[in-house]
Amino acid sequence: MPSAVTDAIAAACAGLEQEAPFAPARSLRLDELEEFPDAECRLLDSAGASSTYIPADLGGADGGLPELVETLRTVARHDMTTAVAHGKTFLGAASVWVRGSDDQRRRLADLVLNGAVVSWGLTEPERGSDLLAGRLSATCTGDGGWRLDGEKYLINNATRGRYSCVLARTHPEGGPRGFSLFLVDKEALAPGSWRCLPKQPTHGIRGADISGIAFEGAAVSDDALVGGVGEGIEIVLCALQLTRTICSALSLGAGEHALRMALEFTRDRKIYGKVLLELPHARSVLAAALATLQLAEAVATVGARSAHALPAELGIVSSIVKATVPELVQESIDVCAELLGARGFLTETHAHGEFQKLERDHRIVPIFDGSTAVSRASLINQFPALVRSYNKAAYDAAALSIATDASAPLPAWDGSLLRVLGRGGCSVVQGLPDMVQRAADGRFHARTVTLAQHLLSSADEVLHRMADVRPTPRDVPAGAFALARRYELCFAGASALGLLLGSAPALRAPSVIDIRLRLEAALARSVQLLDPADKAASVICVNVQEELLSAIERAYES
């Protein structure tokens, strides 16, 4: 549900003047010049966007992670570069929210509320995503302080941010307990002990500050240490569960932007004497793309709510969200590109070149905070626990009910409940048999029940095959990655079904009929993707998708 903050941001992003912040022509000019969106970020500050980056108990917005997702989604719908540039502060602060001391959390919350920019110094030159290979060191000086030496590179806002949460090697041999985190205030460092590394040109998000920082004998006090010595990797892995989940907001915003452009184009474009949207092929692929976006939204919604309702399972859920949502949205964007044809590549002639920018910008999302392959590898490592829990039909029914009811009050978020490994499995998938049984209680259309039963049949087959996989740290078979994607689609369908069940009491109200249709289309799309060869199910899926497209057409006309 929109909040006062997201409403303010939506209004702020609605400027139509050519040079107004978020105006398409201005965003494209900044992109071409690779200029940082200063005015846009100031506007977000004034709208209160930073409050959504802070836990409610520290003075932040009340809506928790779902409100943060909605905030960044609203911004990304207009300009992904600004969403990445401004939203990075949450990523930089996440480790402090997870394991920082009470004093650190309060101080950082006050700073962020007052506009402080925080970066997250994880990666280094030539080391990619292998955090255990990091060489930047923190050496205890023996007088209650630490000395930082080394570089962090390809860091968002490394230059513009005053603060950086830096992962440093505190044991010469490294290892899982050989790294620690430090919240560094660049202005408190001695002159000459640090320098910024140059911004790198990028294919998308061209205006973002993707640069680095180098330390040479930079002295920080002991109160800069976040958590305990040697806890850095564990804290980062827990914080990544939050940041991977909110990456879904960037994808959803870009997907909505692309589909709006495609729908407007196909409604206006005439070909072969007909409007393009009247042609069967164009209509069917656009309807499927719309349903795909609805499926991605269901995953993001349940994922964000799980941070509050099912925090001990977020290690699994966040990996699924991070792998699934960008991939599904990219599929929708690709369909839109096909429909737009050459206009999708033009930088000036059509719609200020908005599409080619959003398409380039979105390409980075699957790489952020762990690539799709990294997320799936993490999921594969937990196959045994997922299979055991599914076979036992073990899940947290009360928490699942909260996670899948978008109107239910959320418990306060507690970072101490996050776990690196989700030993209890995944309640969203493990609760699927009971959800299917509830769907058959007479409240829903027969086709909804049929779709739910198809989804359960696919889940049974996927979990049966997962039982034969023996995860290994290296040389993971390619088939395991394909199986992980199918499990993700089961999670996606279960999310849509759960949200449908959670909103059932209100579904008879005409004002929310689109909620039912959107969720049913999402459920149908998951079934279609899991078993495209099932002709009977495919007919149902196509019919639901056509209904969704027709409903959206009517909404545009009115």
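Everything that follows concerns the structure shown earlier in this document.
The present account deals with the structure reproduced in this document. The structure presented is a predicted model; accordingly, all values stated were derived computationally and were not measured.

Quick word on the overall build of the chain
And step 1. Looking only at helices and strands, one finds 19 helices and ten strands in the chain.
And step 2. Against the globule reference of 24 Å for 558 residues, the chain gives a C-alpha radius of gyration of 23 Å, in line with a compact fold.
And step 3. Principal-axis analysis of the C-alpha atoms gives the chain an extent of 70 × 60 × 45 Å.
And step 4. Per-residue burial for the chain yields a buried fraction of 58% across its 558 residues.
And step 5. Contacts spanning at least 24 positions in sequence make up 78% of the contacts within the chain whose residues lie at least 6 apart.
And step 6. By element, 54% of the accessible surface of the chain is carried by carbon and sulfur atoms, the whole surface being about 22,400 Å².
And step 7. One finds the centroid of the 54 positive side-chain charges in the chain at a distance of 3 Å from the centroid of its 66 negative side-chain charges.

Notes on the packing of aromatic side chains
And step 1. Per the counting criterion, the structure on display carries one aromatic pair.
And step 2. Here Arg160 stacks its cationic end above the ring of Phe36, 3.7 Å away from the centre of that ring.

A word on the environment of Glu461
And step 1. Turning to its location among the elements, Glu461 is positioned in helix H16 (residues 446–466).
And step 2. On the basis of relative accessibility, which here comes to 31%, the residue Glu461 falls in the partly exposed class.
And step 3. Sequence separation between Glu461 and Tyr487 is 26 residues; the distance between their C-alpha atoms is 9.9 Å.

Description of the side chain of Ser251
And step 1. Take Ser251: it is sitting in helix H7 (residues 232–268).
And step 2. Those residues in contact with Ser251, other than ones at most four positions away along the chain, are Val325, Pro326, Val329, His362 and Val365.

So, the packing of H16 against helix H19 (residues 535–557)
And step 1. As a packed pair, H16 and H19 sit with axes 11 Å apart at the nearest point and diverge in direction by 125°. Classified by the angle between their axes, H16 and H19 sit oblique to one another. The chirality of how H16 crosses H19 is left-handed. In this structure, H16 uses Arg447, Thr450, Leu451 and His454 to contact H19, whose residues at the interface are Ala537, Ile540, Cys541, Val544 and Glu547.
And step 2. Looking at the contact of H16 with H19 residue by residue, the classes come out as five nonpolar, two polar and two charged.

Observations regarding the nonpolar core
And step 1. Counting 158 residues, the largest nonpolar core has Trp97 and Tyr487 as its most contacted members.
And step 2. With 19 residues, the top contributor of residues to this core is H7.
And step 3. Beyond its immediate sequence surroundings of up to four residues, Tyr487 is in contact with Ile320, Leu379, Leu386, Cys426, Val429, Val462, Leu463 and Met466.
And step 4. With 15 residues, the next largest nonpolar core counts Val166, Leu189, Ile213 and Ala224 among its residues.

Section: the pattern of salt bridges
And step 1. One pass over the full model with this rule turns up 37 salt bridges.
And step 2. Between Lys357 and Asp361 there is a salt bridge, with its nearest N and O atoms 2.5 Å apart. Of this pair, Lys357 and Asp361 are both found in helix H10 (residues 354–362), four residues apart, which corresponds to roughly one turn of the helix.
And step 3. A relative accessible area of 1% places Asp361 in the buried class.
And step 4. Salt bridges linked by common partners bring Glu70, Arg73, Arg77, Glu256 and Glu297 together as one network.

A look at the packing of helix H8 (residues 280–309) against helix H9 (residues 314–340)
And step 1. The N-to-C vectors of H8 and H9 enclose an angle of 160°; their axes lie 9 Å apart at closest approach. When the interaxial angle is binned, H8 and H9 end up roughly antiparallel. Crossing of H8 over H9 shows left-handed handedness.
And step 2. Residues that form the contact of H8 with H9 fall into these classes: 18 nonpolar, six polar and two charged.

Structural notes on the state of the cysteines
And step 1. A full pass over the atoms with the stated rule returns zero disulfides.
And step 2. Lacking any disulfide linkage, Cys336 is separated from the closest cysteine sulfur, that of Cys541, by 20 Å.
And step 3. On the basis of relative accessible area, Cys336 is assigned to the buried category, the value being 0%.

With respect to H7
And step 1. In this model, H7 (37 residues) spans 54 Å end to end at C-alpha, consistent with the 54 Å of a helix rising 1.5 Å per residue.
And step 2. A bend of about 25° at Leu240 is the largest found in H7.
And step 3. In terms of burial, H7 is a largely internal element, 31 of the 37 residues being buried.

How each quantity is defined
Residues numbered from 1 in each chain as written. Predicted model: local features only at pLDDT ≥ 70, side-chain atom pairs only at ≥ 80, totals over all residues. Heavy atoms only, no water. Helix = DSSP H or I, 4+ residues; strand = E, 2+ residues; numbered from the N terminus. Rg over C-alpha atoms; globule rule 2.2 N^0.38 Å. Buried < 20%, exposed > 50% of the residue type's maximum accessible area, 1.4 Å probe, protein only. Contact = heavy atoms within 4.5 Å. Areas by Shrake-Rupley, 256 points an atom, 1.4 Å probe, with all protein chains shown as cover. Lys, Arg positive; Asp, Glu negative; His and termini not counted. Charge placed at Lys NZ, Arg CZ, Asp CG, Glu CD. Phe/Tyr/Trp six-rings, centres within 6.5 Å; stacked < 30°, edge-to-face > 60°. Lys NZ or Arg CZ within 6 Å of the ring centre and 35° of its normal. Axes fitted to C-alpha atoms, helices over the stretch in contact; angles between N-to-C directions. Parallel < 35°, antiparallel > 145°, perpendicular 65-115°, else oblique. Left-handed = near helix turned anticlockwise from the far one by under 90°. Nonpolar A, V, L, I, M, F, W, Y, C, P; charged D, E, K, R; others polar. Core = buried A, V, L, I, M, F, W, Y, C linked by side-chain atoms within 4.5 Å. Salt bridge = Lys/Arg side-chain N within 4 Å of Asp/Glu carboxyl O. Disulfide = S-S within 2.5 Å. Expected span 1.5 Å × (residues − 1). Bend = angle between axes of the 7 residues up to and from the residue.

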